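# Secondary and tertiary structure notes
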Amino acid sequence: MKRLVFSALLACFCIIGFSQYTPIDVRFYGGSSFEVINCLYPLENGDFIFAGSSRSSDGDLETNNGNDDCWFVHLDSDLNIIKSVSFGESESESIRDVIPLSDTSFLFLISSNSNTGIFSNSNGSSDAWIRTHYYPDWFSPGFAYGGSSADRLNNIIPKSIGEGYLAFGNSYSNDGHLSGNFGNSDFWVINLTNTLDVAWSKNYGGSGHETAIKGFQLESGNLLVFGNTLSEDIMVHDHKGILDVWVVKLNSMGDTIWTKSFGGSGYDEVFNVIQIDTDLFAMTGYSYSIDGDFLFMKNSKISNGFGFYYIINSDGDFQAGGSLMLPHNDLRYMDLIFNSPDDITVLGLHDTNPDELLSNYDVVISNFDAIGIESNHFFGGNSDEYGDFLKAVKISDTDLLIGVASYSDDLAPVHHGSADIMLAILRNETTGINGSDFQIINIFPNPSTSEIFIKGFNAKGELHYKIFNISGKLLKEDVLNENMSINISDLPNGTYILSTSDGKKTLAGKFSISK
């Protein structure tokens, strides 16, 4: 793979085309209360599943046992519900992750605060549980994992070598299935047999707080564990700032091979990790550092948090990355689709004011090419799309399935209540300038305040122009005058794309306004 570094700031990137994502189908799932999504997966037969938690007892749910209940939904390929299952006790429960065992049987990784009913015999205030579900209605009794304090597993995977499972999370305990806590919350990795017995269970960290969000088993049998750390001692080396991204490599028995910290002098957090191939892993997250590993934007003033993706190999070596800061407020990148080194789609949530986007929090889809940001697209409704989870599933060459929690009620005919789970199929339609059909045009002065001029276009007839913003929205179009000048005094500060055409050829370029 190429070693690529992508930069993106509104004043310093090149756009050669726009990807416009059009909603094809939008559905809401839930009840009149509050729902959370933690995972979304396609099945081999074309169906989809998602899981999380719910406080509702109406709509798509029949019962609620007192607070947050586990909630699992199986959808057909047209996003219609095949099965909706909820269960829990009087405290809070949530499905953190799911492994499909077949199209009709599933292993649930659960976080539970209860110690009654189906979650009796818990070890502490919060435990990890595993239950399997076989259609139509059978559930295994389940197994609890943890110690006497608060413990949670966030991610579970089948072993790539041998039978059984590996799960990753964080633990405050120093007893039960854990020992040797380093001072607060540690990375927790547990190795389970195919009968869900504990083969080994170990924790890793420093005297501060660590949380593992995801782990992978390599072809060698070694493990890579990704998460965040507030520590700067014991097992955490080369601490960068306030919060760092922390990666731990283990052998198959859980012994540490190396640990590495990533970030800058400020706050850096990873939300998701995607395995690109056997030896490449892409982290997506958020940074509020003015320096460090995730800052690819040159000559930029960091006025708010920016989104990043950062690709490493299994030795922890940097391979590629990119970052983007948008106006007003924070951008958090939360998922990534790797099509090729020159075609990477990164998705996140952006917090800004209603004058800039559709509401306070919207989905952002950024397309990176070999130059940098190719385009940004924003999708959302009249309220917030929110949470720590956003997932995209590529279902065709043009279509993405997006899963996120949403307060919006204007994107589909049925919205059930406070916060629903939204699934949306978005179609990628290239608009604006086609990168293969244009040449660069000379625009001056650049930056400008009120008027720009162009030269270098020997038109063979009437010359038309169009001005786009960075999202691909057409702002102005007209016939170019004899002076080859365009009045831009009505446009605010920012970066724009100018496209000019005489009907036979198209020239384009970027310019900025700074008043």
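The structure under discussion appears in the preceding block.
Calculation rules
Residue numbers here run from 1 along each chain, matching the order of that chain's written sequence. In keeping with the model being predicted, local features are shown solely for residues with a pLDDT of at least 70 and side-chain atom pairs are shown and tallied solely at 80 or more, while totals for entire chains, interfaces and linings include all residues. Side-chain metrics in this entry use all non-hydrogen atoms of the structure; hydrogen atoms and water are not considered. The way it works is that DSSP assigns letters per residue, a run of H or I at least four long becomes a helix, a run of E at least two long becomes a strand, and they are numbered from the N terminus. The buried label applies to any residue whose accessible area, calculated with a 1.4 Å probe on protein chains only, is under 20% of its type's maximum; exposed applies above 50%, and partly exposed to all values in between. Contact between two residues is taken to exist if any of their heavy atoms lie within 4.5 Å; hydrogens are not considered. The Shrake-Rupley method, run with a 1.4 Å probe sphere, supplies the accessible areas, and residue values consider only the shown protein chains as cover. Here the term patch refers to residues with relative accessible area over 30% and no salt bridge, with like charges joined within 9 Å and nonpolar side chains (Val, Leu, Ile, Met, Phe, Trp, Tyr) within 5 Å. Definition used for salt bridges: Asp or Glu carboxyl oxygen within 4 Å of a side-chain nitrogen of Lys or Arg. Only buried residues count toward a nonpolar core, which is a set of Ala, Val, Leu, Ile, Met, Phe, Trp, Tyr and Cys residues joined through side-chain atoms within 4.5 Å. At least two bridges found by DSSP between two strands are what make those strands a pair. The convention used is that axes are lines fitted to C-alpha atoms, helices contributing only their stretch in contact, and that angles between N-to-C directions extend from 0 to 180 degrees.

## Side note on the overall build of the protein chain
Per the secondary structure count, the protein chain includes zero helices and 38 strands. Burial analysis of the protein chain (515 residues in total) assigns 56% to the buried set. Put simply, of all contacts in the protein chain between residues at least 6 apart along the chain, 54% involve residues at least 24 apart. Accessible area for the protein chain stands at about 20,100 Å²; split by element, carbon and sulfur atoms hold 46% of it.

## Quick notes on a nonpolar patch on the surface
Residues Leu-230, Ile-242, Tyr-267 and Tyr-288 make up a contiguous nonpolar surface patch of about 370 Å² in total accessible area. Among the secondary structure elements, Ile-242 is positioned in the loop between strand 17 (223–229) and strand 18 (244–250). You can call Ile-242 exposed: its relative accessible area is 53%.

## Some points on the environment of Ile-395
Of note, Ile-395 is situated in the loop between strand 28 (385–394) and strand 29 (399–406). Between the C-alpha atom of Ile-395 and that of Ile-425, which follows or precedes it by 30 residues, the distance is 8.9 Å.

## Some remarks on the nonpolar core
Phe-226, Val-247, Val-273, Met-283 and Tyr-310 are the most contacted members of the largest nonpolar core, which has 24 residues in total. Elements with a contribution of two residues or more to this core: strand 16 (210–217), strand 17, strand 18, strand 19 (256–262), strand 20 (267–277), strand 21 (280–288) and strand 22 (306–313). Discounting residues that sit within four places of it in the chain, Val-273 has contacts with Ile-213, Lys-214, Phe-216, Phe-226, Phe-281, Ala-282 and Met-283. The next biggest cluster of nonpolar side chains, apart from the first, holds 21 residues, and it includes Tyr-21, Phe-379, Ala-392 and Ile-402.

## Digging into the sheet that holds strand 19
The strand order across the open sheet formed by four strands is 16-17-18-19, and the pairing between neighbours is antiparallel. The sheet terminates laterally at strand 16 and strand 19, the two strands that pair on one side only. Sheet twist, expressed as the average angle between the axes of neighbouring strands with direction ignored, equals 20°. Pairing of strand 16 with strand 17 involves seven bridges; the strand directions are antiparallel. Looking at the pairing, Ala-212 lines up with Gly-227 of strand 17.

## Notes on the environment of Val-346
Along the chain, the position of Val-346 falls in strand 25 (residues 343–351). A relative accessible area of 0% places Val-346 in the buried class. For the pair Val-346 and Gly-322, spaced 24 residues apart in the sequence, the C-alpha separation amounts to 9.6 Å.

## Considering the pattern of salt bridges
Tallied over the full model, the rule gives 11 salt bridges. Between Lys-249 and Asp-315 there is a salt bridge, with the nearest N and O atoms lying 3.5 Å from each other. A residue pair is termed long-range when its members are at least 10 positions apart, and Lys-249 in strand 18 and Asp-315 in the loop between strand 22 and strand 23 (318–324) qualify at 66 residues. Across the salt bridge formed by Lys-260 and Asp-317, the nearest N and O atoms sit 3.8 Å from each other.

## Things to note about the sheet that holds strand 3 (residues 35–42)
Taken in spatial order, the four strands line up as 3-4-5-6 in an open sheet, and their pairing is antiparallel. For this open sheet the edge positions go to strand 3 and strand 6 (81–87), each flanked by a neighbour on one side alone. Going across the sheet, the axis of each strand differs from the next one's by a mean of 15°, ignoring polarity. The pairing of strand 5 (residues 69–75) with strand 6 spans six bridges and is antiparallel. The residue bridging Val-73 from the neighbouring strand is Ser-84, located in strand 6.

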